[in-house]
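# An overview of the molecular structure
Chain residues, written in single-letter form:
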Amino acid sequence: MTSLNFEKVSVQYGQRRAVVEFSEVVRPGEWLCLIGPNGAGKSSLLRAIVGIISFSGNIVVDGATLHDRNARRRAQLVAYVPQSPVMPSDMNAYEYVLLGRNPYVSHFGSESVHDTAMVNSVFERLDLTDFAHRQLGELSGGERQRVAIARAVAQEAPILLLDEPTSSLDIGHQQQALELVDKLRREHGLTVVSAMHDLTLAGSYADRLVLMHEGHRVVGGTAQEVLRAETLAEFYGVSVHVHHEPDGTVAVIPRRSLRT
Amino acid sequence: MNSSQVRVSSPWWIPTAVAMLVLALLGGAMIGPAGPTWWRVPLELLNRLPLLTVHSGVSESEWNIIWLVRMPRVVLAGLVGCTLSIAGASYQGVFRNPLVDPYLLGVAAGAGLGATFVFTINRAGSSTWLIDPLPLAAFGCGLAAVLVTYVVGTAFGGERSSTTLVLAGVAVTSLVTAMQAFLLQRHTDVMREVYSWILGRLSTATWTDVRLVLPYVALSTTVLLFHRRLLDVLRVGDDEATALGAHVNRIRLVVVLFATLGTAAVVAVSGLIGFVGIIVPHAVRLLVGASYRVVLPLSFLLGGAFLITADIPGRILSNPAETPIGVVTAFLGAPFFLLILRTRQASR
Ligand SMILES: Nc1ncnc2c1ncn2[C@@H]1O[C@H](COP(=O)(O)OP(=O)(O)OP(=O)(O)O)[C@@H](O)[C@H]1O
Ligand SMILES: [Mg+2]
């Protein structure tokens, strides 16, 4: 199992500061969920981890600075599902998921039998076998999202980053996808960092939530600690009812405000 | 589903394409003015193979027509077609834009400018140098042109805009052509040589020309074929390719370098032949799908077969002046290009 530490990570686009000195420790095997309003910096933080954008500060994986390693090694450690993945419409799902094996294939080599077997098993585990030969362009939004998750799973990295993995899934597939992530986490000891907008789902799957606002880490803790009506009112500007189930899960129910 | 059911492509395309290339080569050797009756040619070719004796009834002078007149031209047309097609497919891969080809990116015009420089400065002296500066200048200027096109095209349109890249290519091509025209105005004495270089020497090809381009073609093809899996990785965009552990910029630079090297070398012998780099890769995609693992090798093989075939009308139809091969490919290619443009617009 693998830990992930953020040490004063800042991301800047030109003059705009998207993430400001973000520090956090994600324990091995933990599921941390980033929440926060649009533009809070959740995606920017995830993009910094995978090396798509430059940042200042330090990201440490298992005690070693992640960005001292080469890109291939990094991709073996961290798999990433972006908020809106690029899915070439003329690529089929099998080819797409096979790309997840890239970090293990030598520069000019081709995939081994192990790689293809691994990809086949991912298709089976995610219940996607019927889609293997379909072109990505002809899949529905939710089917595409599941294929994108499949590619990250095929990457076999101990750290999994998911940027709004369930945004276009129906309620059944939302649950299925998150249950799958949870199962992978328990079986393979994955460390998961996700960004999610559905606070109820976030609270019921993640071990810990971190609320971001305008690039700052505002508050972190369990669902009960973070999902409080006053906190959400302050940072989202919403009026919600927070319902506590007897089993400890927290449901956030939006209410219409009484303003006219 | 077992693993044998799921594969990236079917395996019999490559042998089929090899067979088509061999057929085109044979056909090219069999057809043409003068020379022996067509069916004697394959027999004589067999006869010339070591350890084989076939009586073909081809005289020595007829054999010279086959071997010294037809074959160099056919082989050269094949090499040019192979290279333009694989280079076109590779450019389309690294720029993630199905509409680019060596000509639209300004590579050919740049190469022409480079050659013009050499001619205007001192061709007579330089042709005997240890390393002929002509292909090098063509390569250097071709590369500069494609880099300018890329920088300009992506600076204004963003990475996802195919149209801006094509427009930038058009602009760079016009600029480079204007510079060339300006140079030629001031050196009218070399005008003839430059234009005959630009129009190409396919119709007067010799084995020397084949030997001149072969090393460049072999090198560029080898390097490009080694990148075919990585070009598939780039299809998901720079960001995700990076997240998958690919060195995107390094891959793009190497592929552009070697695609340009091959293009500049063949432009030096064939002159301007447009659209091959678009027609062939797209036809291949229609047949076998868009994975570069198949698109690259198949474009290479079928590109050779295509250009040899496209050269045949020019060799038999219009005597005494021949139809330049560029006219034939443009005739086929322009409607094809518009068709792709239309289907892409429709799929938006
Ligand atoms: N490529 C970019 N160039 C400039 N600014 C950017 C870029 N990407 C994001 N930003 C800005 O950085 C800030 C944080 O964006 P980010 O995408 O990280 O937010 P987010 O929390 O993921 O929001 P959302 O919930 O809408 O996905 C925003 O103000 C956004 O406008
Ligand atoms: Mg986001």
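Small disclaimer: the values here were computed from a predicted structure and weren't measured.

## Considering the overall build of chain A
- Along the backbone of chain A there are nine helices and 12 strands.
- Here the C-alpha atoms of chain A give a radius of gyration of 19 Å, agreeing with the 18 Å that 2.2 N^0.38 yields for 260 residues.
- Along the three orthogonal principal directions, the C-alpha set of chain A runs to about 60 × 40 × 35 Å.
- Here the analysis covers contacts within chain A between residues at least 6 apart in sequence; of these, 64% occur between residues at least 24 apart.
- Summing over all exposed atoms, chain A offers an accessible surface of approximately 11400 Å²; the carbon and sulfur share of this is 47%.
- One finds the centroid of the 25 positive side-chain charges in chain A at a distance of 5 Å from the centroid of its 30 negative side-chain charges.

## As for the sheet that holds strand β9 (residues 208-213) of chain A
Residues and elements named next belong to chain A.
- The strand order across the open sheet built from six strands is β6-β7-β8-β3-β9-β10, with neighbouring strands paired in mixed fashion. With partners counted over all chains shown, the strands left at the sheet margins are β6 (78-81) and β10 (216-221), one partner each. Along the sheet, successive strands turn relative to each other by an average axial angle of 15 degrees, direction set aside.
- Contacts from helix α9 (residues 229-236) reach β3 (31-35), β9 and β10, with the element oriented near 30 degrees to β9.

## What to know about the side chain of D238 of chain B
- Along the chain, D238 of chain B turns up in helix α10 (residues 237-243).
- Within the structure, D238 of chain B has its side chain in polar contact with the side chain of R252 of chain B (distance 2.9 Å).

## Here's the deal with a nonpolar patch on the surface
Residue and element names in this part refer to chain B.
- On the surface, I14, V18 and V22 cluster together to form a nonpolar patch covering roughly 200 Å² of accessible area.
- Structurally, V22 is set in helix α1 (residues 13-30).
- Given a relative accessible area of 44%, V22 falls into the partly exposed group.

## Looking at the site of ligand 1
Residue and element names in this part refer to chain A.
- Taken together, the neighbourhood of ligand 1 is formed by 13 residues, with R16, G39, K42, S43 and S44 sitting nearest.
- Between ligand 1 and the protein, one listed contact pairs a nitrogen atom with a side-chain N or O atom of Y13 at 3.5 Å.
- A distance of 2.8 Å is found between an oxygen atom of ligand 1 and a side-chain nitrogen or oxygen belonging to N38.
- The protein chains hide 66% of the 630 Å² of surface that ligand 1 would expose on its own.
- Looking at the shell around ligand 1, the elements that each hand over two or more residues are β2 (16-26) and α1 (42-49).
- The element that contributes the greatest number of residues to the shell around ligand 1 is α1, accounting for three residues.
- Residue classes in the shell around ligand 1 are distributed as three nonpolar, seven polar and three charged.

## Points about the packing of helix α4 (residues 113-125) of chain A against helix α5 (residues 141-154) of chain A
Residues and elements named next belong to chain A.
- Taken N-terminus to C-terminus, the directions of α4 and α5 make an angle of 135 degrees; their axes are 10 Å apart at the nearest point. In terms of orientation, α4 lies oblique with respect to α5. Considering the relative orientation of α4 and α5, their crossing is right-handed. Residues M118, V119, V122 and R125 of α4 form the contact with α5, whose own contacting residues are A150, V153 and A154.

## What to know about the pattern of salt bridges
- In this structure the tally under the stated criterion is 21 salt bridges over all chains.
- R134 of chain A is paired through a salt bridge with E138 of chain A; the nearest N and O atoms lie 3.4 Å apart.
- Judged by its relative accessible area of 28%, R134 of chain A falls in the partly exposed class.
- Its salt-bridge partner being D232 of chain B, residue R293 of chain B comes within 3.4 Å of it at the nearest N-O pair. Residue R293 of chain B is located in helix α13 (residues 292-316), and its partner D232 of chain B is located in helix α9 (residues 228-234); the two are separated by 61 residues in the primary sequence.
- Residue class for D232 of chain B comes out buried when judged on its relative accessible area of 4%.
- Taken together, the shared-partner salt bridges in this structure form one network comprising E24, R27, E30, R208 and R217 of chain A.

## Focus: the coordination of the magnesium ion (ligand 2)
Residues and elements named next belong to chain A.
- Around the magnesium ion (ligand 2), the donor atoms from the protein are S43 (OG) and Q83 (OE1), and they sit 1.9 to 2.2 Å away. A residue pair is termed long-range when its members are at least 10 positions apart, and S43 in helix α1 and Q83 in the loop between β6 and α3 (93-98) qualify at 40 residues.
- For S43, a relative accessible area of 19% corresponds to the buried category.
- A residue is classified by how much of its surface remains accessible, and Q83, at 35% relative accessible area, is partly exposed.

## Comments concerning the sheet that holds strand β1 (residues 4-13) of chain A
Residues and elements named next belong to chain A.
- One open sheet accounts for four strands, arranged β2-β1-β4-β5; its pairing is antiparallel. The open sheet has two edge strands with one neighbour each: β2 and β5 (64-65).
- Where β1 lies against β2, seven bridges are found, and the strand directions are antiparallel. Paired with V9 across the two strands is F22, which belongs to β2.
- This element, α1, spans β1, β2 and β4 (56-61) of the sheet and lies at about 115 degrees to β1.

Definitions and cut-offs
- Residues numbered from 1 in each chain as written.
- Chains lettered and ligands numbered in written order.
- Predicted model: local features only at pLDDT ≥ 70, side-chain atom pairs only at ≥ 80, totals over all residues.
- Heavy atoms only, no water.
- Helix = DSSP H or I, 4+ residues; strand = E, 2+ residues; numbered from the N terminus.
- Rg over C-alpha atoms; globule rule 2.2 N^0.38 Å.
- Contact = heavy atoms within 4.5 Å.
- Areas by Shrake-Rupley, 256 points an atom, 1.4 Å probe, with all protein chains shown as cover.
- Lys, Arg positive; Asp, Glu negative; His and termini not counted.
- Charge placed at Lys NZ, Arg CZ, Asp CG, Glu CD.
- Pairing = 2+ DSSP bridges.
- Axes fitted to C-alpha atoms, helices over the stretch in contact; angles between N-to-C directions.
- Polar contact = N/O pair within 3.5 Å; in protein donor to acceptor, adjacent residues only side chain to side chain.
- Patch = residues over 30% accessible without salt bridge, like charges linked within 9 Å, V, L, I, M, F, W, Y side chains within 5 Å.
- Salt bridge = Lys/Arg side-chain N within 4 Å of Asp/Glu carboxyl O.
- Buried < 20%, exposed > 50% of the residue type's maximum accessible area, 1.4 Å probe, protein only.
- Near = heavy atom within 4 Å.
- Nonpolar A, V, L, I, M, F, W, Y, C, P; charged D, E, K, R; others polar.
- Parallel < 35°, antiparallel > 145°, perpendicular 65-115°, else oblique.
- Left-handed = near helix turned anticlockwise from the far one by under 90°.
- Donors = N, O, S within 2.8 Å, 3.2 Å for Na, K, Ca; no water.

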